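Letter by letter, the chains look like this.
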Amino acid sequence: MIRGSSKELVAELLAREGLEVQLTPSTRDGGRDILAFQETPVGKHLYLVECKRHMLERPVGVAVVRQLYGVITQERATAGLIVATSRFSRDALTFAETVRHQMGLKDYEAIKAWLREHASS
């Protein structure tokens, strides 16, 4: 069973996907909650993950997506992921599409599907 905070939950799911994960401090996290590393034949990749816990009716706006994209660029990370307990605004989805090779978004429905994939793990 998976327990704990939302960022611990996401970290556990990423670990189950085979990534090495490191939680950042709760304060002054630099715009990312989780560092996820993946060793591949072409090198070690760094993914920055930001977790947003919002009410279902409160979408995550484009500012959050742009902020993480800026941190990805600054840290020269491979890509980033925003995981939200709600949904994303139209502007957030549009911006993420323009940087789709460097940014992923998982909303409430995607989280539920992700949890179902790992329910028996």
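Provided above is the structure to which this section pertains.
Residues numbered from 1 in each chain as written. Predicted model: local features only at pLDDT ≥ 70, side-chain atom pairs only at ≥ 80, totals over all residues. Heavy atoms only, no water.

A. Spatial organisation of the overall build of the protein chain. In terms of regular secondary structure, the protein chain is built from 4 helices and 5 strands. The helix and strand sequence of the protein chain, counted from the amino end, reads α-β-β-β-α-β-α-β-α. Its C-alpha atoms give the protein chain a radius of gyration of 14 Å, near enough to 14 Å, the size a compact globule of 121 residues would have. Along the first, second and third principal axes, the C-alpha atoms of the protein chain reach 35 × 30 × 30 Å. With 121 residues in all, the protein chain has 39% of them scored as buried. For the protein chain, restricting intrachain contacts to residue pairs at least 6 apart in sequence, the fraction spanning at least 24 positions comes to 51%. (Helix = DSSP H or I, 4+ residues; strand = E, 2+ residues; numbered from the N terminus. Rg over C-alpha atoms; globule rule 2.2 N^0.38 Å. Buried < 20%, exposed > 50% of the residue type's maximum accessible area, 1.4 Å probe, protein only. Contact = heavy atoms within 4.5 Å.)

B. Inspection of the sheet that holds strand S2 (residues 34–40) at higher detail. Pairing in this open sheet of 5 strands is mixed, and the strands run S1-S2-S3-S4-S5 from one edge to the other. Looking along the sheet, the strands with just one partner apiece sit at the ends: strand S1 (20–23) and strand S5 (103–106). Here the strands of the sheet are splayed against their neighbours by 20 degrees on average, with no regard to which way each runs. Of the strand pairs in this sheet, strand S4 (residues 79–84) and S5 are connected by 4 bridges, and their pairing is parallel. Paired with Val83 across the strands is Lys106, a residue of S5. (Pairing = 2+ DSSP bridges. Axes fitted to C-alpha atoms, helices over the stretch in contact; angles between N-to-C directions.)

C. Structural detail: the packing of aromatic side chains. Inspection of every chain in the model, using the stated rule, returns 1 aromatic pair. Aromatic side chains Tyr69 and Phe95 sit 5.8 Å apart centroid to centroid with 75 degrees between the ring planes, which places their arrangement in the edge-to-face category. Pair noted here: Tyr69 is in helix H2 (residues 62–75) and Phe95 is in helix H3 (residues 90–98), with a separation of 26 residues, a long-range link. Tyr69 sits in the partly exposed class, given a relative accessible area of 23%. In this arrangement the basic side chain of Lys44 is found over the ring face of Phe37, its NZ or CZ atom lying 5.1 Å from the centre. (Phe/Tyr/Trp six-rings, centres within 6.5 Å; stacked < 30°, edge-to-face > 60°. Lys NZ or Arg CZ within 6 Å of the ring centre and 35° of its normal.)

D. How the structure looks around the pattern of salt bridges. Per the counting criterion, the structure on display carries 6 salt bridges. Two residues, Lys52 and Glu50, come together in a salt bridge whose shortest N-O distance is 3.2 Å. Here Lys52 falls in the partly exposed class, since its relative accessible area comes to 22%. A residue is classified by how much of its surface remains accessible, and Glu50, at 9% relative accessible area, is buried. Salt-bridge contacts for Arg100 lead to Glu97; the nearest nitrogen and oxygen are separated by 3.0 Å. Overall, the relative accessible area of 44% leaves Glu97 in the partly exposed class. (Salt bridge = Lys/Arg side-chain N within 4 Å of Asp/Glu carboxyl O.)

E. Structural context of the layout of surface pockets. Taken as a whole, the largest pocket holds about 180 Å³ of empty space. Breaking the lining of the largest pocket down by element, the ones donating at least two residues are helix H1 (6–16), strand S3 (43–52) and helix H4 (108–117). No other element matches the 3 residues that H1 contributes to the lining of the largest pocket. Taken together, the residues that form the lining of the largest pocket break down as 6 nonpolar, 4 polar and 2 charged. (1 Å grid on protein atoms, 1.4 Å probe; cavity = no way out; pocket = protein on both sides within 12 Å on 5 of 7 lines; lining within 4 Å. Points joined across faces, edges and corners; volume = space filled by probe spheres on them. Nonpolar A, V, L, I, M, F, W, Y, C, P; charged D, E, K, R; others polar.)

F. Broad picture of the packing of H2 against H3. Running from N to C, H2 and H3 cross one another at 25 degrees; their axes reach a closest spacing of 7 Å. Judged by the inter-axis angle, H2 sits roughly parallel to H3. Each of Val62, Val65, Arg66 and Tyr69 in H2 lies in contact with H3, whose residues at this interface are Asp91, Ala92, Phe95 and Ala96. Looking at side-chain class alone, the contact of H2 with H3 contains 6 nonpolar, no polar and 2 charged residues. (Parallel < 35°, antiparallel > 145°, perpendicular 65-115°, else oblique.)

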